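# Summary of the model geometry
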Amino acid sequence: MIIRQYDSETKLSWVLAGLAGVLAATAYTHSEGYFVTFMTGNAGRAVLGLFTENQWLSISAAALLVAFISGVVVASLCHRHLWRSRPHGALRLTAASLLAATVVDWIEGGPTLPVPLLPILLVAFGVGALNTTFVRNGEVSIPLSYVTGTVVKLGQGIERHISGGTVHDWFGHFMLLGGYIGGAVAGGFISLVAGGTWMLAIATAVCVVSSWYSYRYVDRRGSWR
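Cut-offs applied
Residues numbered from 1 in each chain as written. Predicted model: local features only at pLDDT ≥ 70, side-chain atom pairs only at ≥ 80, totals over all residues. Heavy atoms only, no water. pLDDT = per-residue confidence, 0-100. Helix = DSSP H or I, 4+ residues; strand = E, 2+ residues; numbered from the N terminus. Expected span 1.5 Å × (residues − 1). Buried < 20%, exposed > 50% of the residue type's maximum accessible area, 1.4 Å probe, protein only. Patch = residues over 30% accessible without salt bridge, like charges linked within 9 Å, V, L, I, M, F, W, Y side chains within 5 Å. Areas by Shrake-Rupley, 256 points an atom, 1.4 Å probe, with all protein chains shown as cover. Salt bridge = Lys/Arg side-chain N within 4 Å of Asp/Glu carboxyl O. Core = buried A, V, L, I, M, F, W, Y, C linked by side-chain atoms within 4.5 Å. Contact = heavy atoms within 4.5 Å. Phe/Tyr/Trp six-rings, centres within 6.5 Å; stacked < 30°, edge-to-face > 60°.

If you check an unreviewed UniProt entry, the chain appears there as YoaK family protein from [Mycobacterium] kokjensenii.

What follows is the structure, given as structure tokens:
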């Protein structure tokens, strides 16, 4: 099978792309349409809200950008100074931020909708941290929520396959995209039966399970080296 030719870390990236999709669905479906994975959209909203007389759109989008970048910075500092033997330690920071978002949302109003901005900012922070899970030579090697980049690489891989390459030129990117879309679909179904706080709690549980999976099947085996 094609999938057997990929190592545990690559397969983990597909799982975590699914987690990113779940988080995107969690924030978007039960809030005012906030993006926690789509920073291109937030960058545009932060500026365009000023031209549409919607200052709150600009403020919220800018806050989401800052929260996401903060997650990247804090997780990167932890990678450098605390997690040298735990390459996927960012998952713990993501799980902690999701747990905090769940608690804050419960305090602010419980399962009533929509989910306010503060818990969503904590989710964005967690997604930023999540994107530092796969690092090579100080740079992110697999961006989990950067779907645009994944689609571009997928298209380039298909071209290489057509031009004499193999299925492996694009299959990994296809699985990464599929993982994200699958996670978003799963999150969409969850949103139909679980309120805001409960959906955040489910996302937290999914992240904890993913963290356990990364430790049990990747970190302990040293397959990331």
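A few words now on the confidence of the model for the chain. On average, residues of the chain carry a pLDDT of 85, and 90% of them reach 70 or more. No element of the chain has a lower mean pLDDT than strand 1 (residues 135-136), which averages 78, and none a higher one than helix 6 (residues 147-162), which averages 94.

Along the polypeptide, Phe171 turns up in helix 7 (residues 171-193). Residues Phe171 and Thr150, spaced 21 residues apart in sequence, show a C-alpha to C-alpha distance of 11 Å.

Between the first and last C-alpha of helix 5 (residues 117-130) there are 20 Å, a value that for 14 residues agrees with the 20 Å anticipated at 1.5 Å per step. Counting buried positions over the 14 residues of helix 5 gives eleven, a clear majority of the element. Inspection of helix 5 places Leu117, Pro119, Ile120, Leu121, Val123, Ala124, Gly126, Val127, Gly128, Ala129 and Leu130 among the buried residues, and these make up the whole buried set.

This part is about a nonpolar patch on the surface. Judged by side-chain polarity, Leu99, Val103, Trp106, Ile107 and Trp198 come together as a nonpolar surface patch covering roughly 580 Å² of accessible area. Sort the elements by how many residues they give to the nonpolar patch and helix 4 (residues 90-108) lands first, with four residues. Following the sequence through the fold, Trp198 ends up in helix 8 (residues 196-219). Accessibility expressed as a relative area gives 48% for Trp198, which makes it partly exposed.

What follows deals with the nonpolar core. In terms of nonpolar packing, the biggest core is built from 38 residues, with Leu16, Val36 and Val123 touching the most fellow members. Looking at this core, the elements that each hand over two or more residues are helix 1 (8-29), helix 3 (55-81), helix 4, helix 5, helix 7 and helix 8. Counting residues per element, this core draws most heavily on helix 1, at ten residues. Other than its neighbours up to four places away in sequence, Val36 contacts Leu23, Ala24, Ala27, Leu64, Phe68, Ile120, Val123, Ala124 and Val127. The next biggest cluster of nonpolar side chains, apart from the first, holds six residues, and it includes Ala75, Cys78, Trp83 and Ala90.

This paragraph deals with the packing of aromatic side chains. Inspection of the entire model under this criterion finds seven aromatic pairs. A ring pair is formed by Tyr28 and Phe35, whose centres lie 5.8 Å apart and whose planes are at 0°; its orientation type is stacked. Exposure remark for Tyr28: the relative accessible area of 44% places this residue in the partly exposed category. Pairing Trp106 with Trp198 gives two aromatic rings, centres 5.8 Å apart and planes at 65°, and the pair type is edge-to-face. Of this pair, Trp106 sits in helix 4 while Trp198 is found in helix 8, placing the two residues 92 residues apart along the sequence. Here the aromatic cluster, defined as three or more aromatic residues joined through ring pairs, consists of Trp14, Trp170, Phe171 and Phe174.

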